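Residue-level structure breakdown
Now for the letters of each chain:
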Amino acid sequence: MKLSEMMKEKQLLSFELFPPKTDKGMANLPGTIEKLCEFKPEYISCTYGAGGTNVGKNMDVCKMIQDAGTVPVTHFTCIGNTREGIKDQLQNYLDNGVDHMLALRGDLPFGWTGTGGDFKYATDLVAYVRKEFGDKIEIAVAGSPEGHISCRSLDADVAVLKQKQDNGADYIMTQLCWDMEQFKRWQDKIDKAGVTMPVDVGIMPILDQAATINMALSRNACVMPRALCELISKYWIFPNPFDKEPFDAAAAQKKEDFKKAGIEYTIKQIDEYRALGVNGIHLYALNKWKDVTDIINESGIRTLV
Ligand code: FAD
(Lines give C-alpha, C1' and ligand atoms only; values in the text may rest on other atoms or scores of the structure.)
Protein backbone atom coordinates (compact mmCIF):
# COMPACT_ATOMS: atom_id res chain seq x y z
CA MET A 1 0.00 0.00 0.00
CA LYS A 2 1.18 3.56 -0.70
CA LEU A 3 2.39 5.52 2.33
CA SER A 4 0.04 8.34 1.36
CA GLU A 5 -2.89 5.91 1.51
CA MET A 6 -1.76 4.61 4.91
CA MET A 7 -1.54 8.19 6.18
CA LYS A 8 -5.22 8.64 5.50
CA GLU A 9 -5.95 5.78 7.90
CA LYS A 10 -3.48 6.42 10.72
CA GLN A 11 -0.75 8.73 11.91
CA LEU A 12 2.54 7.27 10.65
CA LEU A 13 5.95 7.29 12.29
CA SER A 14 9.08 7.64 10.20
CA PHE A 15 12.71 8.62 10.53
CA GLU A 16 15.24 10.46 8.42
CA LEU A 17 18.90 9.45 8.13
CA PHE A 18 21.84 10.84 6.21
CA PRO A 19 24.68 8.85 4.60
CA PRO A 20 27.62 9.03 7.03
CA LYS A 21 30.80 10.58 5.63
CA THR A 22 33.19 7.96 7.05
CA ASP A 23 33.52 4.20 6.54
CA LYS A 24 33.18 3.76 10.31
CA GLY A 25 29.91 5.69 10.23
CA MET A 26 28.63 3.51 7.38
CA ALA A 27 29.66 0.37 9.26
CA ASN A 28 27.73 1.51 12.35
CA LEU A 29 24.59 2.50 10.47
CA PRO A 30 22.95 -0.96 10.17
CA GLY A 31 23.02 -1.20 13.99
CA THR A 32 21.36 2.22 14.26
CA ILE A 33 18.72 1.26 11.71
CA GLU A 34 18.04 -1.98 13.54
CA LYS A 35 17.44 -0.03 16.77
CA LEU A 36 15.15 2.44 15.01
CA CYS A 37 13.22 -0.42 13.41
CA GLU A 38 12.27 -1.71 16.88
CA PHE A 39 9.69 1.10 16.75
CA LYS A 40 8.29 -0.31 13.51
CA PRO A 41 8.47 2.92 11.51
CA GLU A 42 6.39 2.87 8.36
CA TYR A 43 9.39 4.19 6.45
CA ILE A 44 12.89 5.61 6.82
CA SER A 45 14.12 8.26 4.42
CA CYS A 46 17.70 9.03 3.43
CA THR A 47 18.99 12.45 2.40
CA TYR A 48 20.65 13.15 -0.95
CA GLY A 49 23.74 15.36 -1.06
CA ALA A 50 23.98 18.52 -3.08
CA GLY A 51 25.24 17.78 -6.56
CA GLY A 52 24.74 14.08 -6.03
CA THR A 53 27.89 13.88 -3.88
CA ASN A 54 26.57 10.92 -1.91
CA VAL A 55 24.53 9.09 -4.53
CA GLY A 56 26.34 5.76 -4.05
CA LYS A 57 26.13 5.93 -0.28
CA ASN A 58 22.50 7.00 -0.46
CA MET A 59 21.70 3.77 -2.35
CA ASP A 60 23.70 1.74 0.19
CA VAL A 61 21.71 3.32 3.03
CA CYS A 62 18.43 2.61 1.20
CA LYS A 63 19.48 -1.05 0.94
CA MET A 64 20.30 -1.15 4.67
CA ILE A 65 16.81 0.19 5.39
CA GLN A 66 15.28 -2.45 3.12
CA ASP A 67 17.35 -5.21 4.77
CA ALA A 68 16.05 -4.07 8.16
CA GLY A 69 12.53 -4.69 6.91
CA THR A 70 11.09 -1.25 6.34
CA VAL A 71 10.40 0.99 3.36
CA PRO A 72 13.25 3.21 2.13
CA VAL A 73 12.36 6.65 0.78
CA THR A 74 15.18 8.33 -1.08
CA HIS A 75 15.44 12.09 -1.17
CA PHE A 76 16.28 13.26 -4.69
CA THR A 77 17.19 16.72 -5.97
CA CYS A 78 17.45 18.71 -9.20
CA ILE A 79 20.99 19.88 -8.33
CA GLY A 80 23.32 19.15 -11.25
CA ASN A 81 20.92 16.58 -12.67
CA THR A 82 19.94 16.34 -16.32
CA ARG A 83 16.70 14.77 -17.57
CA GLU A 84 18.57 11.68 -18.77
CA GLY A 85 20.60 11.46 -15.57
CA ILE A 86 17.45 11.62 -13.48
CA LYS A 87 15.83 8.90 -15.58
CA ASP A 88 18.87 6.61 -15.22
CA GLN A 89 19.23 7.17 -11.49
CA LEU A 90 15.56 6.62 -10.74
CA GLN A 91 15.51 3.50 -12.90
CA ASN A 92 18.48 2.26 -10.87
CA TYR A 93 16.57 2.93 -7.64
CA LEU A 94 13.58 1.04 -9.05
CA ASP A 95 15.80 -1.88 -10.13
CA ASN A 96 16.99 -2.03 -6.52
CA GLY A 97 13.44 -2.04 -5.16
CA VAL A 98 13.39 1.63 -4.06
CA ASP A 99 10.11 3.07 -5.33
CA HIS A 100 9.52 5.98 -2.96
CA MET A 101 11.15 9.40 -3.30
CA LEU A 102 11.10 12.88 -1.84
CA ALA A 103 11.32 15.14 -4.90
CA LEU A 104 13.21 18.33 -4.07
CA ARG A 105 14.84 21.24 -5.79
CA GLY A 106 17.74 20.71 -3.40
CA ASP A 107 19.88 23.01 -1.32
CA LEU A 108 22.02 25.13 -3.63
CA PRO A 109 25.70 24.39 -2.97
CA PHE A 110 27.66 27.34 -1.55
CA GLY A 111 28.21 29.97 -4.22
CA TRP A 112 25.70 28.53 -6.71
CA THR A 113 22.83 30.66 -7.95
CA GLY A 114 20.82 27.95 -9.69
CA THR A 115 20.44 24.17 -9.75
CA GLY A 116 22.98 23.64 -12.56
CA GLY A 117 20.64 20.97 -13.89
CA ASP A 118 17.75 20.73 -16.36
CA PHE A 119 15.11 21.60 -13.75
CA LYS A 120 14.82 24.79 -11.76
CA TYR A 121 12.12 23.72 -9.34
CA ALA A 122 10.73 20.64 -7.60
CA THR A 123 7.44 21.12 -9.49
CA ASP A 124 9.28 20.32 -12.75
CA LEU A 125 10.91 17.25 -11.23
CA VAL A 126 7.56 15.91 -10.01
CA ALA A 127 5.95 16.38 -13.44
CA TYR A 128 8.91 14.68 -15.16
CA VAL A 129 8.95 11.67 -12.82
CA ARG A 130 5.20 11.17 -13.32
CA LYS A 131 5.59 11.42 -17.10
CA GLU A 132 8.53 9.02 -17.27
CA PHE A 133 7.57 6.50 -14.58
CA GLY A 134 3.78 6.72 -14.26
CA ASP A 135 2.68 5.38 -10.88
CA LYS A 136 5.78 3.24 -10.31
CA ILE A 137 7.20 5.75 -7.80
CA GLU A 138 5.40 7.30 -4.85
CA ILE A 139 6.38 10.98 -4.65
CA ALA A 140 6.64 13.08 -1.51
CA VAL A 141 7.38 16.80 -1.74
CA ALA A 142 8.67 19.42 0.68
CA GLY A 143 6.34 21.91 2.34
CA SER A 144 7.52 24.94 4.31
CA PRO A 145 5.02 26.04 7.00
CA GLU A 146 6.89 29.33 7.41
CA GLY A 147 7.36 29.75 3.67
CA HIS A 148 10.55 28.76 1.84
CA ILE A 149 13.38 31.24 2.49
CA SER A 150 13.35 32.52 -1.09
CA CYS A 151 9.60 32.53 -1.75
CA ARG A 152 7.91 35.77 -2.80
CA SER A 153 5.22 35.29 -0.17
CA LEU A 154 3.64 32.50 1.84
CA ASP A 155 0.66 32.57 -0.55
CA ALA A 156 2.99 32.11 -3.54
CA ASP A 157 4.70 29.20 -1.77
CA VAL A 158 1.34 27.56 -1.04
CA ALA A 159 0.44 27.93 -4.73
CA VAL A 160 3.69 26.07 -5.54
CA LEU A 161 2.62 23.29 -3.19
CA LYS A 162 -0.72 23.04 -4.98
CA GLN A 163 1.18 22.87 -8.27
CA LYS A 164 3.24 19.97 -6.90
CA GLN A 165 -0.03 18.19 -6.10
CA ASP A 166 -1.45 18.94 -9.56
CA ASN A 167 1.78 17.63 -11.12
CA GLY A 168 1.29 14.29 -9.35
CA ALA A 169 2.84 14.45 -5.87
CA ASP A 170 1.36 12.14 -3.24
CA TYR A 171 2.16 13.66 0.14
CA ILE A 172 4.04 16.45 1.93
CA MET A 173 7.05 16.22 4.23
CA THR A 174 7.47 19.48 6.07
CA GLN A 175 10.46 21.61 6.87
CA LEU A 176 11.07 21.92 10.61
CA CYS A 177 8.75 24.44 12.24
CA TRP A 178 8.88 25.25 15.93
CA ASP A 179 6.28 28.02 15.61
CA MET A 180 3.04 26.14 16.23
CA GLU A 181 0.77 29.14 15.60
CA GLN A 182 2.41 29.61 12.21
CA PHE A 183 1.97 25.91 11.48
CA LYS A 184 -1.77 26.21 12.16
CA ARG A 185 -2.04 29.27 9.88
CA TRP A 186 -0.26 27.32 7.13
CA GLN A 187 -2.56 24.31 7.61
CA ASP A 188 -5.49 26.63 7.15
CA LYS A 189 -3.96 28.22 4.06
CA ILE A 190 -3.17 24.95 2.32
CA ASP A 191 -6.70 23.67 3.08
CA LYS A 192 -8.19 26.77 1.49
CA ALA A 193 -5.86 26.42 -1.51
CA GLY A 194 -7.19 22.90 -2.17
CA VAL A 195 -4.08 21.02 -1.08
CA THR A 196 -5.39 17.64 0.00
CA MET A 197 -2.10 15.74 0.18
CA PRO A 198 -1.43 14.19 3.61
CA VAL A 199 1.00 16.16 5.78
CA ASP A 200 3.89 14.29 7.33
CA VAL A 201 5.47 16.67 9.82
CA GLY A 202 9.26 16.93 9.98
CA ILE A 203 10.53 17.26 13.53
CA MET A 204 14.08 18.27 14.36
CA PRO A 205 15.00 16.98 17.82
CA ILE A 206 16.64 19.61 19.99
CA LEU A 207 19.82 17.97 21.24
CA ASP A 208 22.62 20.45 20.78
CA GLN A 209 22.69 24.25 20.88
CA ALA A 210 24.98 24.87 17.91
CA ALA A 211 23.13 22.37 15.72
CA THR A 212 19.77 23.89 16.66
CA ILE A 213 20.87 27.43 15.83
CA ASN A 214 22.54 26.20 12.66
CA MET A 215 19.43 24.35 11.44
CA ALA A 216 17.20 27.33 12.19
CA LEU A 217 19.31 30.03 10.63
CA SER A 218 21.94 28.75 8.20
CA ARG A 219 19.40 28.11 5.44
CA ASN A 220 15.83 28.17 6.62
CA ALA A 221 15.19 31.32 8.72
CA CYS A 222 13.00 29.32 11.10
CA VAL A 223 11.46 31.16 14.01
CA MET A 224 12.72 30.02 17.41
CA PRO A 225 9.95 30.58 19.96
CA ARG A 226 10.76 32.39 23.20
CA ALA A 227 10.66 29.11 25.19
CA LEU A 228 13.33 27.61 22.93
CA CYS A 229 15.46 30.76 23.08
CA GLU A 230 15.17 30.64 26.87
CA LEU A 231 16.61 27.12 26.88
CA ILE A 232 19.49 28.14 24.64
CA SER A 233 20.24 31.16 26.85
CA LYS A 234 19.88 29.23 30.08
CA TYR A 235 22.52 26.71 29.05
CA TRP A 236 24.64 29.06 26.90
CA ILE A 237 28.21 27.81 26.56
CA PHE A 238 30.65 30.74 26.70
CA PRO A 239 32.02 32.32 24.62
CA ASN A 240 29.46 30.71 22.25
CA PRO A 241 28.18 27.21 21.42
CA PHE A 242 30.14 27.14 18.15
CA ASP A 243 33.51 27.51 19.86
CA LYS A 244 35.47 24.26 19.69
CA GLU A 245 37.40 25.04 22.89
CA PRO A 246 35.01 26.94 25.17
CA PHE A 247 36.50 28.53 28.28
CA ASP A 248 33.24 27.81 30.12
CA ALA A 249 34.17 25.35 32.89
CA ALA A 250 30.58 24.11 33.03
CA ALA A 251 30.43 23.37 29.28
CA ALA A 252 30.09 19.57 29.56
CA GLN A 253 27.35 19.79 32.21
CA LYS A 254 25.51 22.50 30.26
CA LYS A 255 25.59 20.37 27.11
CA GLU A 256 24.09 17.47 28.98
CA ASP A 257 21.44 19.61 30.69
CA PHE A 258 20.55 21.31 27.42
CA LYS A 259 20.04 17.96 25.72
CA LYS A 260 17.75 16.77 28.51
CA ALA A 261 15.68 19.96 28.34
CA GLY A 262 15.72 19.83 24.52
CA ILE A 263 14.35 16.28 24.50
CA GLU A 264 11.51 17.42 26.79
CA TYR A 265 10.85 20.33 24.43
CA THR A 266 10.79 18.00 21.42
CA ILE A 267 8.35 15.63 23.14
CA LYS A 268 5.97 18.50 23.90
CA GLN A 269 6.14 19.56 20.27
CA ILE A 270 5.31 16.03 19.15
CA ASP A 271 2.29 16.10 21.50
CA GLU A 272 1.10 19.35 19.93
CA TYR A 273 1.50 18.09 16.38
CA ARG A 274 -0.26 14.84 17.18
CA ALA A 275 -3.13 16.73 18.76
CA LEU A 276 -3.52 18.70 15.52
CA GLY A 277 -4.19 15.41 13.75
CA VAL A 278 -1.27 15.56 11.33
CA ASN A 279 -0.86 12.50 9.11
CA GLY A 280 2.60 11.52 10.24
CA ILE A 281 5.51 12.32 12.50
CA HIS A 282 8.80 12.29 10.58
CA LEU A 283 11.66 12.52 13.05
CA TYR A 284 14.99 13.74 11.73
CA ALA A 285 16.93 11.02 13.57
CA LEU A 286 20.37 12.53 12.84
CA ASN A 287 21.74 8.96 12.82
CA LYS A 288 21.36 8.84 16.63
CA TRP A 289 19.30 5.96 17.95
CA LYS A 290 19.74 6.52 21.70
CA ASP A 291 18.27 10.03 21.81
CA VAL A 292 15.54 9.01 19.38
CA THR A 293 14.71 6.03 21.60
CA ASP A 294 14.23 8.39 24.58
CA ILE A 295 12.00 10.66 22.51
CA ILE A 296 9.84 7.84 21.14
CA ASN A 297 9.51 6.04 24.47
CA GLU A 298 8.76 9.13 26.53
CA SER A 299 6.38 10.63 23.98
CA GLY A 300 4.35 7.41 23.92
CA ILE A 301 4.20 7.78 20.16
CA ARG A 302 4.04 4.03 19.65
CA THR A 303 1.97 3.21 22.73
CA LEU A 304 -0.54 6.03 23.09
CA VAL A 305 -3.18 5.75 20.41
P1 FAD B 1 10.89 24.20 -4.57
O2 FAD B 1 9.56 23.66 -4.20
O3 FAD B 1 11.31 24.10 -5.98
O4 FAD B 1 10.90 25.73 -4.10
C5 FAD B 1 12.10 26.49 -4.08
C6 FAD B 1 11.71 27.97 -4.12
O7 FAD B 1 11.26 28.33 -5.41
C8 FAD B 1 10.56 28.34 -3.18
O9 FAD B 1 10.78 29.64 -2.70
C10 FAD B 1 9.33 28.30 -4.05
O11 FAD B 1 8.30 29.13 -3.57
C12 FAD B 1 9.90 28.78 -5.38
N13 FAD B 1 9.25 28.11 -6.52
C14 FAD B 1 9.03 26.78 -6.66
N15 FAD B 1 8.45 26.51 -7.84
C16 FAD B 1 8.33 27.70 -8.46
C17 FAD B 1 7.82 28.08 -9.72
N18 FAD B 1 7.35 27.15 -10.59
N19 FAD B 1 7.86 29.41 -10.04
C20 FAD B 1 8.36 30.32 -9.19
N21 FAD B 1 8.85 30.01 -7.96
C22 FAD B 1 8.83 28.73 -7.62
N23 FAD B 1 17.99 19.34 0.36
C24 FAD B 1 18.98 18.56 -0.16
O25 FAD B 1 19.82 19.06 -0.91
N26 FAD B 1 19.02 17.22 0.12
C27 FAD B 1 18.11 16.61 0.92
O28 FAD B 1 18.18 15.40 1.14
C29 FAD B 1 17.08 17.40 1.50
N30 FAD B 1 16.12 16.85 2.29
C31 FAD B 1 15.07 17.61 2.72
C32 FAD B 1 14.04 17.01 3.47
C33 FAD B 1 12.93 17.74 3.87
C34 FAD B 1 11.83 17.06 4.65
C35 FAD B 1 12.84 19.13 3.53
C36 FAD B 1 11.64 19.93 3.93
C37 FAD B 1 13.86 19.75 2.82
C38 FAD B 1 14.98 19.00 2.41
N39 FAD B 1 16.02 19.58 1.67
C40 FAD B 1 17.05 18.80 1.18
C41 FAD B 1 16.07 21.03 1.50
C42 FAD B 1 15.45 21.51 0.18
O43 FAD B 1 16.15 20.98 -0.91
C44 FAD B 1 15.53 23.03 0.23
O45 FAD B 1 14.61 23.54 1.15
C46 FAD B 1 15.46 23.74 -1.09
O47 FAD B 1 15.94 25.07 -0.88
C48 FAD B 1 14.06 23.86 -1.68
O49 FAD B 1 13.58 22.65 -2.06
P50 FAD B 1 12.03 22.51 -2.50
O51 FAD B 1 11.87 21.17 -3.05
O52 FAD B 1 11.16 22.98 -1.41
O53 FAD B 1 12.04 23.59 -3.68
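In this report, we go over the structure that sits alongside the text. (Residues numbered from 1 in each chain as written. Predicted model: local features only at pLDDT ≥ 70, side-chain atom pairs only at ≥ 80, totals over all residues. Heavy atoms only, no water.)

Things to note about the overall build of the protein chain
- Helix and strand counts for the protein chain stand at 11 helices and 8 strands.
- Taking 305 residues into account, the globule formula puts the C-alpha radius of gyration at 19 Å, and the protein chain, at 19 Å, falls close to it.
- Structurally, the protein chain occupies a C-alpha span of about 60 × 45 × 45 Å along its principal axes.
- Counting across all 305 residues of the protein chain, residues that qualify as buried make up 51%. (Helix = DSSP H or I, 4+ residues; strand = E, 2+ residues; numbered from the N terminus. Rg over C-alpha atoms; globule rule 2.2 N^0.38 Å. Buried < 20%, exposed > 50% of the residue type's maximum accessible area, 1.4 Å probe, protein only.)

Observations regarding the sheet that holds strand β5 (residues 138-143)
- Spatial ordering of the closed barrel is given by β1-β2-β3-β4-β5-β6-β7-β8, a layout of 8 strands whose pairing is parallel. Neighbour-to-neighbour, the strand axes of this sheet turn through a mean angle of 25°, independent of strand direction.
- The pairing of strand β4 (residues 100-104) with β5 spans 4 bridges and is classified as parallel. Following the sheet pairing, histidine 100 is matched in β5 by glutamate 138.
- Running at roughly 160° to strand β3 (residues 71-77), helix α3 (residues 55-67) makes contact with β2 (43-46) and β3 of the sheet.
- Contacts between helix α6 (residues 154-166) and the sheet are confined to β5 and β6 (171-174), with β5 contributing the most and set at about 180° to the helix. (Pairing = 2+ DSSP bridges. Axes fitted to C-alpha atoms, helices over the stretch in contact; angles between N-to-C directions. Contact = heavy atoms within 4.5 Å.)

Here's the deal with the nonpolar core
- Judged by nonpolar contacts, the single largest core of 63 residues is most densely connected at Phe15, Leu90, Met101, Leu125, Ile172, Trp186 and Tyr273.
- Counting 16 residues, the second largest nonpolar core, distinct from the first, contains Ile206, Leu231, Tyr235 and Tyr265. (Core = buried A, V, L, I, M, F, W, Y, C linked by side-chain atoms within 4.5 Å.)

Quick notes on the packing of α3 against helix α4 (residues 83-95)
- The geometry of α3 relative to α4 is characterised by a closest axis approach of 11 Å and an angle of 20° between their N-to-C directions. Classified by the interaxial angle, the pair formed by α3 and α4 is roughly parallel. Once α3 is placed against α4, the crossing between them reads as right-handed. In this structure, α3 uses Val55, Asn58, Met59 and Cys62 to contact α4, whose residues at the interface are Gln89, Asn92 and Tyr93.
- Along the lines of polarity and charge, the residues of the contact of α3 with α4 split into 4 nonpolar, 3 polar and no charged. (Parallel < 35°, antiparallel > 145°, perpendicular 65-115°, else oblique. Left-handed = near helix turned anticlockwise from the far one by under 90°. Nonpolar A, V, L, I, M, F, W, Y, C, P; charged D, E, K, R; others polar.)

Notes on unusual backbone geometry
- The omega angle of the peptide bond from phenylalanine 238 to proline 239 is 10°, so this bond is cis rather than trans.
- Here proline 239 is to be found in the loop between α9 (226-234) and α10 (251-275).
- Of note, the phi angle at alanine 221 is positive, near 55°, even though the residue is not glycine.
- For asparagine 287, which is not a glycine, the phi torsion comes out positive at approximately 60°.
- By the secondary structure assignment, asparagine 287 is in the loop between β8 (280-284) and α11 (289-299).
- Overall, asparagine 287 belongs to the buried group, its relative accessible area being 16%.

Thoughts on empty space enclosed by the protein
- Summed over the entire model, instances satisfying the criterion amount to 1 cavity of 30 Å³ or more.
- For the largest cavity, the calculated volume is near 50 Å³.
- Surrounding the largest cavity, Leu207, Asp208, Gln209, Ala210, Ile237, Pro241, Lys255 and Phe258 form its lining.
- Here the residues of the lining of the largest cavity are counted per class, giving 5 nonpolar, 1 polar and 2 charged. (1 Å grid on protein atoms, 1.4 Å probe; cavity = no way out; pocket = protein on both sides within 12 Å on 5 of 7 lines; lining within 4 Å. Points joined across faces, edges and corners; volume = space filled by probe spheres on them.)

Observations concerning the site of the ligand
- The full set close to the ligand counts 22 residues, and Tyr48, Arg105, His148, Asp157 and Lys164 are the nearest of them.
- A distance of 3.2 Å separates an oxygen atom of the ligand from a polar backbone atom of cysteine 151.
- Bound to the protein, the ligand loses 85% of the 970 Å² it would expose on its own.
- When contributions to the shell around the ligand are tallied by element, the ones reaching two or more residues are β3, β4, α5 (122-133), α6 and β6.
- Residue contributions to the shell around the ligand peak at 3 residues, all from α6. (Near = heavy atom within 4 Å. Polar contact = N/O pair within 3.5 Å; in protein donor to acceptor, adjacent residues only side chain to side chain. Areas by Shrake-Rupley, 256 points an atom, 1.4 Å probe, with all protein chains shown as cover.)

A word on the pattern of salt bridges
- All chains considered together, the criterion is met by 17 salt bridges.
- Between lysine 189 and aspartate 155 there is a salt bridge, with the nearest N and O atoms lying 2.7 Å from each other. You can see lysine 189 sitting in helix α7 (residues 180-192) and its partner aspartate 155 sitting in helix α6, a full 34 residues away along the chain.
- Here lysine 255 and aspartate 208 are joined by a salt bridge, their closest N and O atoms 2.9 Å apart. Residue lysine 255 is located in helix α10, and its partner aspartate 208 is located in the loop between β7 (199-203) and α8 (209-220); the two are separated by 47 residues in the primary sequence.
- Looking at lysine 255, the relative accessible area reads 46%, which means it is partly exposed.
- A residue is classified by how much of its surface remains accessible, and aspartate 208, at 26% relative accessible area, is partly exposed.
- Through salt bridges with shared partners, one network takes in Lys2, Arg130 and Asp170. (Salt bridge = Lys/Arg side-chain N within 4 Å of Asp/Glu carboxyl O.)

Quick word on α10
- With 25 residues, α10 extends 36 Å from end C-alpha to end C-alpha; this agrees with the ideal 36 Å at 1.5 Å per step.
- A positive phi of about 80° marks glycine 277, the residue just after α10. (Expected span 1.5 Å × (residues − 1).)

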